[in-house]
Amino acid sequence: MHVPDGFIDAPTSAVTGVVAAAAVAVSLRGARRELDERTAPLAGLVAAFIFAVQMLNFPVAAGTSGHLLGGALAAILVGPCTGALCISVVLLMQGILFADGGLTALGVNITNMAIVGVVVAYVVFRGLVKVLPKTRRSITAASFVASIVSVPAAALAFTLLFWIGGTTDVSIGKVATAMVGVHLLIGIGEAAITALTIGAVIAVRPDLVYGARDLRQPLKLRVGGELVDAPAPEAAQPVAARTSRRTLWISGLATSLVLAGFVSFYASASPDGLEKVAEDKGFAESAEEHAGADSLLADYGVKGIDNIRLSGGLAGTIGVGATLLAGTGVFWAVRRRRTDEAADVSPTSTSV
C-alpha cells in the first residue's frame, strides 16, 4: 500500500499533503486526551512494533504478498488520534530512511493508511464493542473484524485518488476490483496479526489497551465454599494487570527487534498488493525513482554490507530504534504539552 512517486499527479498529491497535515495537527491535539504517563511510552513502542511487522510480507495469492497496515492495531492499542500519529511516524521513517513510499506521495500514504485505515477500523471496532459483551474475547473479535474492513477501505481510498489524479489512463473499475479483491485477502492476515497482538496485551495489561478501557470483570463472591459471579452489573471491577509496564515494554521491544532483525529475512519476496495490481493493470511503469534510492538504508539494507542477512537485519534493527525514538519523542512532547496546559489552568490560590 506504500504508493511510490509518479502514480498520483502533483496537484492531487499536494491536496492530500494538505489533508494529511491537517489530520496530523488534529491528531496531535486529540492525542493529548488519549495519552497519560503510562501510555506515552507504549505509543512509541506501538510505532516501532508496526514498523517491524510491516517488514514481514506474507503470501496471500499466487505471486502476491501483503503486510500489516497497522491502522486497527494502533487505534485499538493507544487510541485513534495517537494511532494515526503512530502510522504517520512509521510512514515518515520508511520514506526518509528506507526509500519505501514516495516523498511526494507521503500525503497520499498518510491519507490512505493513517487516516482512512485508522478511522474506519476504529469506527467499526467501537460499533461492535457497544453491542458485544464487555469481555476480552469480544475485544479481540471486534479487533479482528475491524482489521478486515479497514484494509480494503484503504485500498478503495487509493483507488479514488488514482481515479482523480492517476498519471496513467487505466480503467478505474478494473483497478478498484483488483485492489479490493487482493486487499480483502491481505485483510485476513492483518486481522490475524491484530487480534493476536491485542489478545496478548489484554491478557497481561488490559488497563493499557485504549479500546479495552471499558473492560470489566465480575466481582467474585464465595457462596457455599465456591466462587460465583456477583449478579449486579455495578459490582464489576476493572480487570487486574498481570505484569509490569516495564516488562511489557521490554518484551515488546525485544519482539520488534527479533521480527525486524531476524524474521524479516524470511518474508515473502513477491510484490505486495498495490505493486501486483500496478503490474497487472499496466501502470507500474509510471512509478518514479525515489529521491533516496541511493541512501544508506534504501530497500531495507545497509549499503556496503554484502551479506544479505546481516545487511537486512541491521537495517531492520536501525529502523526499529529510529522509529521508537521518533515516536517516543513525539508522544512525550504531546504528553508534556497536556501537563503544561493543565498546570496553566489549575487554580493556584483560593479566596473567600
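Refer to the structure above for everything that follows.
About the cut-offs
- Residues numbered from 1 in each chain as written.
- Predicted model: local features only at pLDDT ≥ 70, side-chain atom pairs only at ≥ 80, totals over all residues.
- Heavy atoms only, no water.
- Helix = DSSP H or I, 4+ residues; strand = E, 2+ residues; numbered from the N terminus.
- Expected span 1.5 Å × (residues − 1).
- Bend = angle between axes of the 7 residues up to and from the residue.
- Buried < 20%, exposed > 50% of the residue type's maximum accessible area, 1.4 Å probe, protein only.
- Polar contact = N/O pair within 3.5 Å; in protein donor to acceptor, adjacent residues only side chain to side chain.
- Contact = heavy atoms within 4.5 Å.
- Core = buried A, V, L, I, M, F, W, Y, C linked by side-chain atoms within 4.5 Å.

A few words on helix 5 (residues 106-131). An ideal rise of 1.5 Å per residue puts 38 Å on 26 residues; helix 5 measures up with 37 Å between its terminal C-alpha atoms. Helix geometry: helix 5 is bent most strongly at Val116, by close to 25°.

On to the side chain of Thr12. Relative to the elements of secondary structure, Thr12 occurs in helix 1 (residues 10-34). Assessed through its relative accessible area of 10%, Thr12 is described here as buried. Engagement of the side chain of Thr12 in a polar contact is seen with the side chain of Asp9, the distance being 2.7 Å. Not counting chain neighbours up to four residues away, the residues in contact with Thr12 comprise Leu161, Ile164 and Gly165.

With 85 residues, the main nonpolar core has Phe158 and Phe283 as its most contacted residues. At 11 residues, helix 2 (residues 39-54) tops the list of elements feeding residues into this core. Those residues within four positions of Phe283 in sequence are excluded, and the remaining contacts are Phe7, Phe158, Phe162, Thr168, Val170, Val175, Val277 and Ala278.

Moving on, we get to the side chain of Arg126. Locating Arg126 in the fold gives a position in helix 5. Excluding its chain neighbours within four sequence positions, the residues that come into contact with Arg126 are Gly211, Arg213 and Asp214.

So yeah, pure geometry; function would need other evidence.
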